[in-house]
Amino acid sequence: MPATDRPVLDQRLLDALVHGLAGSSGQAFFEQLVRQLALMLGVKGAWVTEWRPARRRLRALAFWFDDHYIEDYEYDIGGTPCEPVINRCEPTLVAERVIELYPRDPDLPALGAVSYLGQPLQDANGVVLGHLAVLDDKPLAASAALLSVFRLFTARASAELARLWRDQALAEREARLRTLAAEARQLREDIALLQGETEILGESPPMRRMREELRRVAGLDTTVLVSGETGTGKELVASALHRQSGRAGMPFIRVNCAAIALGLQESEFFGHEKGAFTGALQRRDGRFKLADGGTLFLDEVGEMPPDLQAKLLRVLQEGEFERVGGGRTEKVDVRLIAATHRDLAAMVAEGSFRQDLWYRLNVFPLRVPPLRQRGDDILLLARALLARFARRHGLPLPELTEQDERRLRAYPWPGNVRELENVLERALIISPDGRRLALERALPEASPPPLPMEPDEAVILTAAELAALEKANLERALAHCQGRIAGPDGAAALLGLHPNTLSSRLKAIGLR
Ligand SMILES: Nc1ncnc2c1ncn2[C@@H]1O[C@H](COP(=O)(O)OP(=O)(O)OP(=O)(O)O)[C@@H](O)[C@H]1O
């Protein structure tokens, strides 16, 4: 078709194109753009790329050719008509005989190219982000209309690509911030270590057993899977495994698998080369590299997305990995510890966690018991934690009263040691006189009242003990109300029961 017959002047087509693009963004936008551009200019192919300066390559974000999309198109710009577009940063039109002019470009003959038009995509500061190009199997005349349409779509593509770069750069910075936060956390842990705050306290049988297992496995390079409810001390256990191992002088690197931004996971683990993807402004080491010689702690491993599970498995099997955007394989010497509050076996059964990865991680399972199964450890922990908080805040250290002890034992501690820490710190801070803990105010509203007896080990009672406890409670209520059941001064009101219900209960347990 001669250039003048190309439908570039058709206003309706132009409107359709602009409207078609208005609603889309990202990948969909670029796909629409190249397809519509090729159709509109009546050319064989159109593609939009992003520029990877480190490797001097262009990677197609979308490539429409001969009525279909071409996937994964990436090329070195040397000897191609795209080279002057990128290098000189100016539009390039090759109206005909493009193969003769660029004989080193191997793709031109394959695509049957005769003509070429390309223009760089730039951000507001003139930095080259990529380019937009069309090619045809017929000569292409530079009509003013064609060039103005082409310029219009170059501007739209530039704006969209610049937006994507900004988003990626922001995500990069956030990731960096998270790394800094992790380093700050590491430093806080070092300080805690120096102040003796990393000791795993507890003398209850389950804690003694757990500590003994920890001691046995710590010195080996065995992968350990630490499980337990939230706040039970899994991270404390992981760092103790590291400190008691031969790797103690080397880094202990923690990755929270639940908190890595989508799209950055692979780079977070394995690192990336500068220019490896949009927004990868500099080369960065991943957590595997940072942990070289030391221990890598995969916290919340149950939250790891499936594709990352597959990649991690490959690294564990092959013992090496590649940075994102880098051809070189890297080998590191890392001991792996994973932790989860989830039931990984159940996740494997339901298909949300890879069985082969689970086998690799579950070499030595270490279960941290919930606080409610640790008996008097609750009191031991409470005293140690109170001393720590009093020291930290420069406050007097209150004694635990019997009432405090009962309250601490009776509460089920769903948030485990972390919750105990929070409650005690709050109780200490709001303590009215500095000598007495304000536990009743610091404990969550729904906490049960203290049991009027000292249960053995923990708050697990047999059915007979529970019945005896209820009987004693009802007797005390009756005595308090001089045997009255109903009425405002009756035992039913005191107990929060309907009088008929109370009468039935009294009959059932032989009190009436
Ligand atoms: N046995 C213990 N002795 C002393 N401190 C403990 C003990 N167990 C837990 N802690 C403290 O309780 C807090 C929570 O522990 P940690 O962060 O290790 O729990 P976690 O199981 O990893 O929690 P999550 O599942 O939420 O990640 C930490 O401040 C830790 O120092």
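Residues numbered from 1 in each chain as written. Predicted model: local features only at pLDDT ≥ 70, side-chain atom pairs only at ≥ 80, totals over all residues. Heavy atoms only, no water.

1. Details of the site of the ligand
No. 1: The immediate surroundings of the ligand are formed by 18 residues, with L201, T230, K234, R418 and E421 found nearest.
No. 2: The separation between a nitrogen atom of the ligand and a polar main-chain atom of L201 is 2.9 Å.
No. 3: A distance of 2.8 Å is found between an oxygen atom of the ligand and a side-chain nitrogen or oxygen belonging to E421.
No. 4: Residue assignment for the shell around the ligand shows that the elements contributing at least two residues are α8 (234-243) and α16 (416-429).
No. 5: In terms of residue class, the shell around the ligand is made up of 6 nonpolar, 4 polar and 8 charged. (Near = heavy atom within 4 Å. Polar contact = N/O pair within 3.5 Å; in protein donor to acceptor, adjacent residues only side chain to side chain. Helix = DSSP H or I, 4+ residues; strand = E, 2+ residues; numbered from the N terminus. Nonpolar A, V, L, I, M, F, W, Y, C, P; charged D, E, K, R; others polar.)

2. Thoughts on the pairing of strand β13 (residues 335-340)
No. 1: Counting buried residues in β13 gives 6 out of 6 residues, a clear majority hidden from the surface.
No. 2: Judged by which residues are buried, β13 turns out to be covered on both faces: R335, I337 and A339 on one side and L336, A338 and T340 on the other are all buried.
No. 3: As paired strands, strand β8 (residues 224-227) and β13 are joined by 4 bridges and run parallel to one another. Among the inter-strand pairings, V226 is bridged to a residue of β13, identified as A339.
No. 4: Pairing between strand β10 (residues 295-299) and β13: 4 bridges, direction parallel. Each residue of the ladder has a partner; that of F297, found in β13, is I337. (Buried < 20%, exposed > 50% of the residue type's maximum accessible area, 1.4 Å probe, protein only. Pairing = 2+ DSSP bridges.)

3. A word on the environment of K44
No. 1: With respect to the helices, strands and loops of the structure, K44 is situated in the loop between α2 (26-41) and β1 (45-52).
No. 2: Residues K44 and K138 lie 94 residues apart in sequence; the distance between their C-alpha atoms is 8.9 Å.

4. Here we look at the packing of helix α14 (residues 377-393) against helix α15 (residues 402-410)
No. 1: Here α14 crosses α15 at 120 degrees, and the two axes come no closer than 9 Å. When the axis of α14 is compared with that of α15, the two are oblique. Crossing geometry of α14 relative to α15 is assigned as right-handed. Residues I378, L379, A382 and R383 of α14 pack against E405, L408 and R409 of α15.
No. 2: The residue inventory of the contact of α14 with α15, partitioned by class, reads 4 nonpolar, no polar and 3 charged. (Axes fitted to C-alpha atoms, helices over the stretch in contact; angles between N-to-C directions. Parallel < 35°, antiparallel > 145°, perpendicular 65-115°, else oblique. Left-handed = near helix turned anticlockwise from the far one by under 90°. Contact = heavy atoms within 4.5 Å.)

5. Regarding the nonpolar core
No. 1: Core analysis: the biggest nonpolar cluster contains 28 residues, and F269, F288, L296, L298, V301, M304 and F353 have the highest contact counts within it.
No. 2: It is helix α11 (residues 306-318) that provides the largest number of residues to this core, a total of 4 residues.
No. 3: In contact with F353, not counting residues within four places along its chain, are V301, G302, Q309, L344, M347, V348, W358 and L361. (Core = buried A, V, L, I, M, F, W, Y, C linked by side-chain atoms within 4.5 Å.)

6. Focus: the sheet that holds strand β14 (residues 364-367)
No. 1: Reading across the sheet, the 5 strands line up as β9-β10-β13-β8-β14 and stay open at both edges, with parallel pairing between neighbours. Edge positions in the sheet fall to β9 (252-256) and β14, since each has one partner strand and no second. Averaged over all adjacent pairs, the angle separating strand axes in this sheet is 20 degrees, with direction ignored.

7. What about the confidence of the model for the chain?
No. 1: Mean pLDDT for the chain: 85, with 87% of residues reaching 70 or above.
No. 2: Of the regions scoring below 50 in pLDDT, residues 1-5 engages in 4 contacts with residues more than four places distant in sequence or in other chains.
No. 3: A low-confidence stretch, residues 447-458 stays under pLDDT 50, and its non-local contacts, those more than four residues away or across chains, total 28 contacts. (pLDDT = per-residue confidence, 0-100.)

8. Here we look at unusual backbone geometry
No. 1: Despite not being glycine, R56 has its phi angle at roughly 50 degrees, a positive value.
No. 2: On the secondary structure map, R56 appears in the loop between β1 and β2 (57-65).
No. 3: Of note in the backbone geometry, W413 takes a positive phi value of approximately 50 degrees without being a glycine.

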